Amino acid sequence: MIFGTISSRIISDLIINENSKYENIFNPSRIKPIAGFTSFVEENAVVAFDFIKDKLFKEKITSLHEINEGEAKVVKYEGDSYALYKEATGKVHLVKSTCPHAKCEVRWNSAELSWDCPCHGSRFNINGKILTGPSVMALQRVDPEDS
Ligand code: FES
């Protein structure tokens, strides 16, 4: 809606004054796709590499007791991938580690005590609840007693 209003203002200014103070800000040719192509390819190569690395290389555990208090890890357990956080009190928070948005694996953010998705920036709390999108679904919570 706001771009329609701005567009009409720019067109009006261009017709009446032959210039507009918003002309350069919204000029469609301000974006140089060729100039940014190299960094676009590099960034996506890094994302693809991380995606594959995170899917293939996970620490395998046989028991939740292998995780220390205050520690968080993405682990493989009985064929599934979990994001596991164990509080200093020993309470375990267990969620599936695959981001519902595009299936990347989340990583622990020790500064925020959150699970962050490296692909598009979704963030989840220790119980998988969404803190920020683009994901619109939470991480699947798992009862540690069931695993
Ligand atoms: S895959 Fe996680 S935010 Fe897109």
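Everything numeric in this text was worked out from a predicted model, so none of it was measured.

Participant: Explain unusual backbone geometry to me, using residue names and the numbers behind them.
Facilitator: Most peptide bonds take the trans configuration, and most residues that are not glycine carry a negative phi. A cis amide bond links G133 to the next residue, P134, at an omega of 25 degrees. Mapped onto the elements, P134 comes out in the loop between β8 (130-132) and β9 (141-142). A positive phi is found at K103, a non-glycine position, where the angle reads about 70 degrees. As for its placement among the helices and strands, K103 is situated in the loop between β4 (92-96) and β5 (107-109). The phi angle at L113 is positive, at roughly 50 degrees, despite the residue not being glycine. One can find L113 in the loop between β5 and β6 (114-116). For L113, a relative accessible area of 42% gives the class partly exposed.

Participant: Explain the domain arrangement of the chain residue by residue, including any values.
Facilitator: As assigned here, the chain comprises domain 1 (2-55) and domain 2 (59-142). Each of domain 1 and domain 2 has a C-alpha centre, and these two points are 34 Å apart. In this assembly, domain 1 packs against domain 2 so that about 520 Å² is buried in total across both faces, 48% of it on carbon and sulfur atoms. When the area that domain 1 buries against domain 2 is broken down by residue, the three leading residues are F51, D54 and K55, summing to 74%. Across the contact surface, domain 1 and domain 2 share zero salt bridges. Linking domain 1 with domain 2 are zero residue pairs in polar contact (both at pLDDT 80 or more). Of the residues belonging to the side of domain 1 that touches domain 2, the class tally is two nonpolar, no polar and four charged.

Conventions adopted
- Residues numbered from 1 in each chain as written.
- Predicted model: local features only at pLDDT ≥ 70, side-chain atom pairs only at ≥ 80, totals over all residues.
- Heavy atoms only, no water.
- Helix = DSSP H or I, 4+ residues; strand = E, 2+ residues; numbered from the N terminus.
- Buried < 20%, exposed > 50% of the residue type's maximum accessible area, 1.4 Å probe, protein only.
- Domains from an automatic or database assignment.
- Buried area = accessible area lost by both parts, 1.4 Å probe.
- Salt bridge = Lys/Arg side-chain N within 4 Å of Asp/Glu carboxyl O.
- Polar contact = N/O pair within 3.5 Å; in protein donor to acceptor, adjacent residues only side chain to side chain.
- Nonpolar A, V, L, I, M, F, W, Y, C, P; charged D, E, K, R; others polar.

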